[in-house]
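# Chain and residue survey
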Amino acid sequence: MKELIIDAATENLDEVMSFITEQLEAVDCPMKTQMQIEVAVEELFVNIAHYAYAPDTGTAKIRTEITADTAEITFIDSGVQYDPLAKPDPDVTLSAAERQIGGLGIYMVKKSMDDVRYEYKDGQNILTITKGIQL
């Protein structure tokens, strides 16, 4: 397991992405899977940066357990309690103009990952994504 503790600010996104990419490349993660994981990580970290502590800034902890078979990435913050999985999925059959704003990013995360789980424990939001790494 590796861990990165960083200020939850969008200007730190590059460091978060480097942290994830380095580990995925170390296990020869296929490019398609790597891109799906990276899109999910970006979406989740940016959401924490924008909403968890607004208008202030707090920290985000990103834990990874990446093997040749599976990538499990956990995001932990002490911001406002929020379960992004509780919100209904957007109706993607509607045009963008007809759809309500919000929810599309977490919808994409749920569709591209094998498992997405949320819990609120000890004053912390804990969101874990899992994706199988197949060659």
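Coordinates for the structure precede this section.
Residues numbered from 1 in each chain as written. Predicted model: local features only at pLDDT ≥ 70, side-chain atom pairs only at ≥ 80, totals over all residues. Heavy atoms only, no water.

### Examining the overall build of the chain
Per the secondary structure count, the chain includes 3 helices and 5 strands. Reading the secondary structure of the chain in the N-to-C direction produces β-α-α-β-β-α-β-β. Evaluated residue by residue, the chain yields a buried proportion of 44% over its 135 residues. Restricting to contacts in the chain with at least 6 residues of sequence separation, those with at least 24 account for 65%. Looking at the chain as shown, the accessible area adds up to about 7800 Å², and 50% of this sits on carbon and sulfur atoms. (Helix = DSSP H or I, 4+ residues; strand = E, 2+ residues; numbered from the N terminus. Buried < 20%, exposed > 50% of the residue type's maximum accessible area, 1.4 Å probe, protein only. Contact = heavy atoms within 4.5 Å. Areas by Shrake-Rupley, 256 points an atom, 1.4 Å probe, with all protein chains shown as cover.)

### Points about the nonpolar core
If you look at soluble globular proteins, the nonpolar side chains tend to sit buried side by side. With 33 residues, the main nonpolar core has Val41, Ile62, Phe75 and Ile129 as its most contacted residues. Of all the secondary structure elements, the ones that give two or more residues to this core are strand S1 (2-7), helix H1 (13-26), helix H2 (31-52), strand S2 (59-66), strand S3 (70-77), helix H3 (104-112), strand S4 (115-121) and strand S5 (124-132). With 8 residues, H2 is the largest single contributor of residues to this core. Not counting the four nearest positions on each side in its chain, Ile62 is found in contact with Lys2, Glu3, Leu4, Val16, Phe19, Ile20, Phe45, Ile73, Thr74 and Phe75. (Core = buried A, V, L, I, M, F, W, Y, C linked by side-chain atoms within 4.5 Å.)

### Brief notes about the environment of Ile76
For Ile76, the position within the fold is in strand S3. On the basis of relative accessibility, which here comes to 6%, the residue Ile76 falls in the buried class. The spatial distance from the C-alpha of Ile76 to the C-alpha of Tyr120 is 9.5 Å, given a sequence separation of 44 residues. Among all residues touching Ile76, those that are not within four sequence positions of it are Thr59, Ala60, Lys61, Arg63, Gln124, Asn125 and Ile126.

### Some remarks on the pairing of S4
Note that S4 and S5 share 7 bridges and pair antiparallel. Within S5, the residue paired with Tyr118 across the bridge is Leu127. From the end of S4 to the start of S5, which pair antiparallel, there are 2 residues, and Asp122 there has a positive phi angle of about 50°. (Pairing = 2+ DSSP bridges.)

### Regarding the side chain of Asn125
Summarising the element assignment, Asn125 is placed in strand S5. Owing to a relative accessible area of 5%, Asn125 belongs among the buried residues under this scheme. Polar side-chain contacts of Asn125 include one of 2.9 Å to the backbone oxygen of Val80. Within the local environment of Asn125, its side chain forms a polar contact with the backbone nitrogen of Tyr82, the two atoms lying 3.0 Å apart. Not counting residues within four places of it along the chain, the set of residues in contact with Asn125 comprises Phe75, Ile76, Asp77, Gly79, Val80, Gln81, Tyr82, Tyr118, Glu119 and Tyr120. (Polar contact = N/O pair within 3.5 Å; in protein donor to acceptor, adjacent residues only side chain to side chain.)

### With respect to H2
Taking 1.5 Å of rise per residue, the 22 residues of H2 would be expected to cover 32 Å, and the 30 Å separating its terminal C-alpha atoms lies within 8% of that figure. Taken together, the buried positions of H2 are Thr33, Gln34, Ile37, Glu38, Ala40, Val41, Leu44, Phe45, Val46, Ile48, Ala49 and Ala52. (Expected span 1.5 Å × (residues − 1).)

### Some points on the sheet that holds S4
Reading across from one edge, S1-S2-S3-S5-S4 is the order of the 5 strands in this open sheet, with antiparallel pairing throughout. Taken across any chain shown, the strands that pair with only one partner, and hence form the sheet edges, are S1 and S4. Averaged over all pairs of adjacent strands, the angle between their axes in this sheet comes to 15°, without regard to strand direction. The sheet contacts of H2 involve S1, S2, S3 and S5, and relative to S3 the element is tilted by about 5°. (Axes fitted to C-alpha atoms, helices over the stretch in contact; angles between N-to-C directions.)

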